[in-house]
Amino acid sequence: MKTLQISFFTITILFSSFLMAQEEDLGPLITDRPDATEAPSTIPRGYLQVETGGFYTKNDDNGLKYEEFTYNTTLIRLGLLDNLELRLGWNFVENSYENLNTTLSGFTPMLLGTKIAIAKEKNGWPEMGFMGHVYLPFLAGTDYRPETTGVDFRFALSHNLSKRSNLSYNLGMAWGNDSPEASYVYTVAYGYAVTPKFGLYAELYGDLPENSLSNHYWDAGLTYLVSNNVQIDATVGSEITKGQDILLSGGISFRLPTSKK
């Protein structure tokens, strides 16, 4: 299975090289990775965007130490209308528990959802979008299969602070892991374009469950536009509250037309 995931990532990189010759006047692609903050914009109608990568975390949850490897965090986005996209995501995860000498691996529940672009930035008001997802348990591996369907939604907003910088943030709610407890979700990300191709970002994000302790994280990273249709990224982060010691991530995103114009 690991070989399958690594092969998929390799094919993605090779395919992106082909896309470099397929430039159209759409401007640089806007992605929902590598940070936790989702962009308010949608994929152009008639285009497909694939955002994939992998990440590693080292965790200590009240004495339970484990490492998590995600071999592909793939999100597929399909532009259906000028302001509407379909979203499909599926991760392959492996958790190795140091204390228990146990390893779990498999696919997580498949994400199925949509994003709607509500408004462009105008007169001091932010660009705004809305998205919602369900997480289908029957498509998950045995080790990660919950009994109930997870649900989340969030509003995505973004302000341009200058020609080179912007502030983006999300607010929403999530239900999952077979729990009726709702979690309030937030993200805030600052992005800065060092050059037209090279960008940096820093982010705070977390969740506030109704009846449990809140979780707060930070991360920072960089993006590089290989072309208007291809972007690579890298991220490092950790948890502000207790739990996650380190997060490392890297990935690639590419865009292609679904039909000839």
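These figures come from a predicted structure and were not determined experimentally.

A separate point is the pairing of strand E12 (residues 230-239). When you tally the buried positions in E12, you get 7 out of 10 residues, the bulk of the element. In textbook terms, the turn of a hairpin is the stretch between consecutive antiparallel strands, and for strand E11 (residues 215-227) and E12 this stretch comprises 2 residues.

This paragraph deals with the pairing of strand E2 (residues 64-81). Looking at chain direction, strand E1 (residues 47-61) and E2 are connected through 11 bridges and run antiparallel. Residue pairing for E2: Tyr56 is matched across the bridge by Phe69. Hairpin connection of E1 to E2: 2 residues between the antiparallel strands, including Asn62 at a positive phi of 50 degrees. Sheet topology note: the E2/strand E3 (residues 84-97) ladder contains 14 bridges and is antiparallel. Looking across to E3, one finds that Arg77 is bridged to Arg87. Taking the residues between adjacent antiparallel strands as the criterion, E2 and E3 are bridged by 2 residues.

Bringing the confidence of the model for the protein chain into the picture now. Detailed reading of the predicted model is not advised wherever pLDDT is low. Summing up the model confidence of the protein chain, the mean pLDDT is 90 and the portion of residues at 70 or higher is 90%. Contacts of residues 1-10 to residues separated by more than four positions or lying in other chains number 15 contacts, the stretch itself having pLDDT below 50. Counted against residues more than four places away or in other chains, residues 16-21, with its pLDDT under 50, gives 11 contacts.

By the definition in use, this model includes 8 salt bridges. In this structure, Asp32 engages Arg77 in a salt bridge whose closest nitrogen and oxygen atoms are separated by 3.7 Å. Within this pair, whereas Asp32 is found in the loop between helix H1 (2-19) and E1, its partner Arg77 is found in strand E2, the two being separated by 45 residues in sequence. Taking the relative accessible area as the measure of exposure, Arg77 reaches 0% and is therefore buried. For Asp32, the salt bridge identified is with Lys115, shortest N-O distance 3.1 Å. With Asp32 in the loop between H1 and E1 and Lys115 in strand E5 (residues 110-119), this residue pair connects regions lying 83 residues apart in the sequence. Accessibility assignment for this pair places Asp32 and Lys115 in one class, buried.

What follows is about the packing of aromatic side chains. Inspection of every chain in the model, using the stated rule, returns 10 aromatic pairs. Here the aromatic rings of Tyr71 and Phe92 are separated by 6.1 Å at their centres, their planes lie at 40 degrees, and the arrangement is tilted. Residue Tyr71 is found in strand E2, and its partner Phe92 is found in strand E3; the two are separated by 21 residues along the sequence. Look at Phe92 and you get buried, because its relative accessible area is 5%. Seen in terms of ring centroids, Phe153 and Trp175 are 6.3 Å apart; in terms of plane orientation they differ by 35 degrees. Their pairing is tilted.

Here the focus is a nonpolar patch on the surface. A surface patch of nonpolar side chains, amounting to about 430 Å² of accessible area, comprises Ile76, Leu80, Leu81, Leu86, Leu88 and Leu112. Elements with a contribution of two residues or more to the nonpolar patch: E2 and E3. It is E2 that contributes the most residues to the nonpolar patch, 3 residues altogether. Within the fold, Leu112 resides in strand E5.

Our focus in this paragraph is the environment of Leu81. Relative to the helices and strands, Leu81 resides in strand E2. A relative accessible area of 40% means that Leu81 is categorised as partly exposed. Here the alpha-carbon distance between Leu81 and Gln244, two residues 163 residues apart in the chain, equals 39 Å. In this structure, Leu81 is in contact with Ile43 and Arg45, ignoring residues within four places of it in sequence.

The rules we used
- Residues numbered from 1 in each chain as written.
- Predicted model: local features only at pLDDT ≥ 70, side-chain atom pairs only at ≥ 80, totals over all residues.
- Heavy atoms only, no water.
- Buried < 20%, exposed > 50% of the residue type's maximum accessible area, 1.4 Å probe, protein only.
- Helix = DSSP H or I, 4+ residues; strand = E, 2+ residues; numbered from the N terminus.
- Pairing = 2+ DSSP bridges.
- pLDDT = per-residue confidence, 0-100.
- Contact = heavy atoms within 4.5 Å.
- Salt bridge = Lys/Arg side-chain N within 4 Å of Asp/Glu carboxyl O.
- Phe/Tyr/Trp six-rings, centres within 6.5 Å; stacked < 30°, edge-to-face > 60°.
- Patch = residues over 30% accessible without salt bridge, like charges linked within 9 Å, V, L, I, M, F, W, Y side chains within 5 Å.
- Areas by Shrake-Rupley, 256 points an atom, 1.4 Å probe, with all protein chains shown as cover.

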